[in-house]
Amino acid sequence: MSEQLIISGQTKKEKYTSLLPQIKALTEHEPSFIANLANTAAALKEAFGFFWVGFYLVEGNQLVLGPFQGPIACTRISFGKGVCGAAWQRKEAVLVPDVKQFPGHIACSDLSKSEVVLPLMKDQFVFGILDVDSDKLNDFDEVDVEYLTQLCTWLVSLH
Ligand code: SME
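What this report covers is the structure whose coordinates are included nearby. (Residues numbered from 1 in each chain as written. Predicted model: local features only at pLDDT ≥ 70, side-chain atom pairs only at ≥ 80, totals over all residues. Heavy atoms only, no water.)

1. Focus: the pattern of salt bridges
- Enumeration according to the criterion identifies three salt bridges in this entry.
- With a closest N to O distance of 3.6 Å, lysine 136 and aspartate 135 form a salt bridge.
- Assessed through its relative accessible area of 47%, lysine 136 is described here as partly exposed.
- Given a relative accessible area of 41%, aspartate 135 falls into the partly exposed group. (Salt bridge = Lys/Arg side-chain N within 4 Å of Asp/Glu carboxyl O. Buried < 20%, exposed > 50% of the residue type's maximum accessible area, 1.4 Å probe, protein only.)

Here it is as structure tokens:
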């Protein structure tokens, strides 16, 4: 495909429906997992204008910053720490409408107000996470979790 996104639709659901097949087309023939994470982060940021979109990859007992789009971020997060570490520990998506209300939230930026984190998981083994931050309160809901889960399932299949 040409390296250009065309996002159609008004609702979040319509935008995800338009975006996901384009990410699949962009990544399916590329063997570099890191390149695919990089383009996925860029595509999500471009389509939705999120404040920060990126991946952390498990190294030992820490998550280490991977491909991302947005302001500079914390490099390492320990197991169970912050929203990212919680998603790793719980092995499930963690939706945070107001980061100030999440005990142990790690503030890489004061501008981040809400967040959703999903595990990249194969056979119950978490090897990374997708973290999406918004500068608006309560910006994520079950629609984001549904489509970002589909996206993570796709990325795991490429790993
Ligand atoms: N807020 C995250 C840390 C990562 S940054 O938001 C990019 C957390 O609490 O795990």
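2. Observations concerning the environment of valine 83
- Topologically, valine 83 is positioned in helix H3 (residues 82–90).
- The sequence separation of valine 83 and valine 96 amounts to 13 residues, and the corresponding C-alpha distance is 8.0 Å. (Helix = DSSP H or I, 4+ residues; strand = E, 2+ residues; numbered from the N terminus.)

3. Details of the side chain of serine 109
- Position of serine 109 relative to the elements: it lies in the loop between strand S4 (94–96) and strand S5 (114–122).
- A residue is classified by how much of its surface remains accessible, and serine 109, at 18% relative accessible area, is buried.
- One polar contact links the side chain of serine 109 to the main-chain amide nitrogen of leucine 111, over a distance of 3.0 Å. (Polar contact = N/O pair within 3.5 Å; in protein donor to acceptor, adjacent residues only side chain to side chain.)

4. Some thoughts on the pairing of strand S6 (residues 125–134)
- Burial of S6 is extensive: nine of the ten residues sit out of reach of the surface.
- For strand S1 (residues 52–59) and S6, the ladder comprises six bridges, and the chain directions are antiparallel. Directly across from tryptophan 52, in S6, lies its bridge partner aspartate 133.
- Where S5 meets S6, nine bridges bridge the pair, whose relative direction is antiparallel. Pairing of leucine 118 across the sheet is with leucine 130, part of S6.
- Taken together, S5 and the strand that follows it, S6, pair antiparallel across an intervening segment of two residues, in which aspartate 123 is found at a positive phi of about 50 degrees. (Pairing = 2+ DSSP bridges.)

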